[in-house]
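Letter by letter, the chains look like this.
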Amino acid sequence: MIEDGYLSSAWEGDQFDFQNSAGHGRPQLRTFEPAETSSSSTRLNSTSPIPSRTSVDSAGQVSTSRWQESPTTHMTTLERRDNALTTHSEQVALVEPTFDESVLRALCDLDCGVPLLLDRIKQSMISCREASTFFKKRAAMEEEYGKNMQKLARSTAEIYSMNDGKAGSFVSAWHGTLRVHEMMAENRLRFAQRLNEMSEELANLSKEVEKNRKQTKELATRYERALQESETSTEKCKNRLDITSEELERVLLQKEGESLKDNVVQSRAGNTGGKRAIGKAVGGLLLKSKNPGNIQRQEDDIRSKVSTASDVYRKAMIDTQTMRQEYFNFQLPRILRSLKECTDEIDLGTQYHLTRYAFLFESIVLSDGSILVPPREEGLGLKASIESIDNRSDFRIYMQNYAYARGGVLRGPRREGPIEEGFLPPIPRHDIDKHISSNGVNMNGGLHGVPASGRPTFGVDLAEQMVRDNVDLPPILPKCCQAIEKYGLQTQGIYRISGMTSKVAKLRQKLDQDLNAVDLDASEWSGDINTVASAIKGWLRDLPDPLLTFSLHQGFIEAAKIENDRLRHIRLHERVNELPDPNYATLKYFLGHLHRINQHATINSMSMQNLAIVFGPTLFGISPTSAHPGQANGGMVDAALQNLAIETILNHYSDIFEDESEVAS
């Protein structure tokens, strides 16, 4: 691996070992070898995965081994290497530029270095093939899924256009929904295409490495067999020399009239008599009877054979020793280096494609997310398209078109007619807007004193207020917060100290009657800014569904229970993002206001903790499901967790609510 400092020629497009690997979509990683190791790491030629080279023995003399290469081949190899290095010298190396020589030395010291690497390459090839098979099967699944979804979206759009379905905003949202599915199908098809490409590249990589492994194994076997044959030949020469030496010794003994065995016996037995002494005397008489000239000629012939056998043995021994030194000092390291580079090649290639797969998978999921929820300037997403359906408007338009197209055709009983024919007079209409019931509540829901166009503020659902007024924020919120920031940033205990009850009630009534007519810059309100602060707290408390909503109440509480600060922040961020749009916009504005209040905490004493204590119960409300018998404020059971949740959100306001553009501005 690259992290371990291993050198890999996996990505070199001009090297024989993996000359086609550069076309498999992987980055071109270059191999740079140190100058001092060039004698043992010459590049591979076109005839063998391990080229032959000139070897130098320990005395510095050139060997005459059968493995010696010609000067022309050596120079050609070096020139090709120099050209390759010059061509890529300006490229950025993506791996360590040196081979881990310690690993190579350790492999050379092992008797099983070659089979170890061969088995390791086999394991790597199995892993590579499994990854290739997985990519291929996953590509088939994604392709089938994408084609089916694309076919479904297109056929559904065609069928809907042929039938008499709803029109108006519904058909626009429906077509938008189908377009979303078609775009996601196209993403899946592109993903499947990439997976097929990676599967093919891994399969080709495995085949190339297997081919190089086989060639290197055959070369190593050939070198080992040649060395074994040389050692066997040396052993035969030694045996031949021993035999001729024994023959020469026997002739010399015959010439002197005694045998080697008799000499040994005589030296041990001394002057002992018996059968041994008699045999010696008889043997001596027999030898003396031979012709001395024949014995001399026999001795000369055998001496010539001994000399020849000695020369042959000496030459065989020198050749074997030279071959052994060259094998262990040069050929074996180069074989091991080539096998190690094959291992790095396939390992790096497999890891690269797995990393690429992870990146593509993550990208396709994020792309699906951006299609479902695109940026605001790129149009509506799936949820926004469906929420844009206006059934009331669609029905009104349909009713008008239907009445216009078919209203002239009588399809039921007559509505009006002469009284004498039994028709009743038409029912008189009343002005609903001016009709007020006897209990003082008008038809719009206003109280006594509220104008006919009554637009109450307190106790009205947040979403209803914003839809009714067609605004992005409830009007009371910026009106009161701006006044507080203008007159109350330096007020000691702002929001913690309540205003006078009578003045708060009076301001609430005025805001409820006509919000726009209230001037908070007047001395009546700016002189006692705590009254305005109490009014906005009352507005938040009176919301039918609190700002953080009853439905998400338990989710916020569970997130606040997390002890790890970072994880608690993340979970609360997720709950905030789940808020409805009106609640999210209101919470963002109001907590931003509290954040500005906290910036003057040294003067107004309103730290994040104090603000959280004040607004924890207010923003969470009192959930009906959390009330206990005999306990009026059941929601206060979770007060500590509520305060911790608000404090955490305030402390991480920028991370939760502000995007990069807002922070930069």
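For clarity, every value in this text was computed on a predicted model and none was experimentally measured. All residue numbers here refer to positions counted from 1 along the written sequence of the relevant chain. At least 70 in pLDDT is required for a residue's local features to be given in this predicted model, at least 80 for side-chain atom pairs to be given and counted, and no such filter applies to totals for whole chains, interfaces and linings, which use all residues. As a rule here, side-chain values cover all heavy atoms of the structure and leave hydrogens and water aside.

## Here's the deal with the overall build of the chain
Piece 1. Only runs of H or I of at least four residues qualify as helices and only runs of E of at least two qualify as strands under DSSP, and these elements are numbered from the N terminus. Scanning the chain for helices and strands turns up 22 helices and zero strands.
Piece 2. Taking all 665 residues of the chain together, 38% fall into the buried category.
Piece 3. Here, residues are in contact when the closest pair of their heavy atoms is within 4.5 Å. A separation of at least 24 residues holds for 77% of the contacts in the chain among residues at least 6 apart in sequence.
Piece 4. Note that accessible areas follow from Shrake-Rupley with a 1.4 Å probe, and for residues the cover is restricted to the protein chains shown. For the chain, the computed accessible surface area is about 39,000 Å², with 54% contributed by carbon and sulfur atoms. For the exposure calls, accessible area comes from a 1.4 Å probe over protein chains only, and a residue counts as buried if that area is under 20% of its type's maximum, exposed if over 50%, partly exposed in between.

## Digging into the packing of aromatic side chains
Piece 1. Between rings of Phe, Tyr and Trp, where Trp is taken as its six-membered ring, a pair exists when centres lie within 6.5 Å; planes separated by under 30 degrees are stacked, by over 60 edge-to-face, and by other angles tilted. Summed over all chains, the structure comprises 16 aromatic pairs.
Piece 2. Both rings, one in Phe 191 and one in Tyr 357, keep their centres 6.4 Å apart while their planes meet at 20 degrees; by these two values the pair is stacked. Of the two residues, Phe 191 sits in helix H4 (residues 169-256) while Tyr 357 sits in helix H7 (residues 292-372), which places them 166 residues apart along the sequence.
Piece 3. Consider the rings of Phe 556 and Phe 620, whose centres lie 5.8 Å apart with planes at 85 degrees: the pair is edge-to-face. Linking Phe 556 in helix H15 (residues 553-560) with Phe 620 in helix H19 (residues 608-620), this pair joins segments that are 64 residues apart in sequence. Accessibility classification places Phe 556 together with Phe 620 in one group, the buried group.
Piece 4. Following the ring pairs from residue to residue traces out a cluster consisting of Phe 134, Phe 135, Phe 191, Tyr 357 and Phe 361.
Piece 5. The rule for a charge over a ring is simple: NZ of Lys or CZ of Arg within 6 Å of the ring centre, and within 35 degrees of the ring normal. Directly above the aromatic system of Phe 361 lies the positively charged group of Arg 138, at a separation of 4.5 Å from the ring centroid.

## Points about the packing of helix H11 (residues 476-487) against helix H17 (residues 581-598)
Two measures define how a pair of helices packs: the angle their axes make with one another and the distance between the axes.
Piece 1. Look at H11 against H17: their axes get within 11 Å of each other, and the N-to-C directions meet at 5 degrees. The angle between H11 and H17 places the two elements in the roughly parallel class. Note on element contacts: H17 touches H11 through Thr 586, Tyr 589, Phe 590, His 593, Arg 596 and Ile 597, opposite Leu 477, Pro 478, Cys 481, Gln 482, Ile 484 and Glu 485.
Piece 2. Here the nonpolar group is Ala, Val, Leu, Ile, Met, Phe, Trp, Tyr, Cys and Pro; Asp, Glu, Lys and Arg are the charged ones; every other residue, Gly included, is treated as polar. Residues that form the contact of H11 with H17 fall into these classes: seven nonpolar, three polar and two charged. For every element, the axis is a line fit to its C-alpha atoms; helices are fit only across the contacting stretch, and the angle between N-to-C directions ranges from 0 to 180 degrees. Reported orientations rely on four angle classes, namely roughly parallel under 35 degrees, roughly antiparallel over 145, roughly perpendicular from 65 to 115, and oblique for the rest.

## Here's the deal with unusual backbone geometry
Piece 1. Backbone geometry places Tyr 495, a non-glycine residue, at a positive phi of 75 degrees.
Piece 2. Tracing the backbone through its elements, the reader meets Tyr 495 in the loop between H11 and helix H12 (501-513).
Piece 3. A relative accessible area of 0% means that Tyr 495 is categorised as buried.

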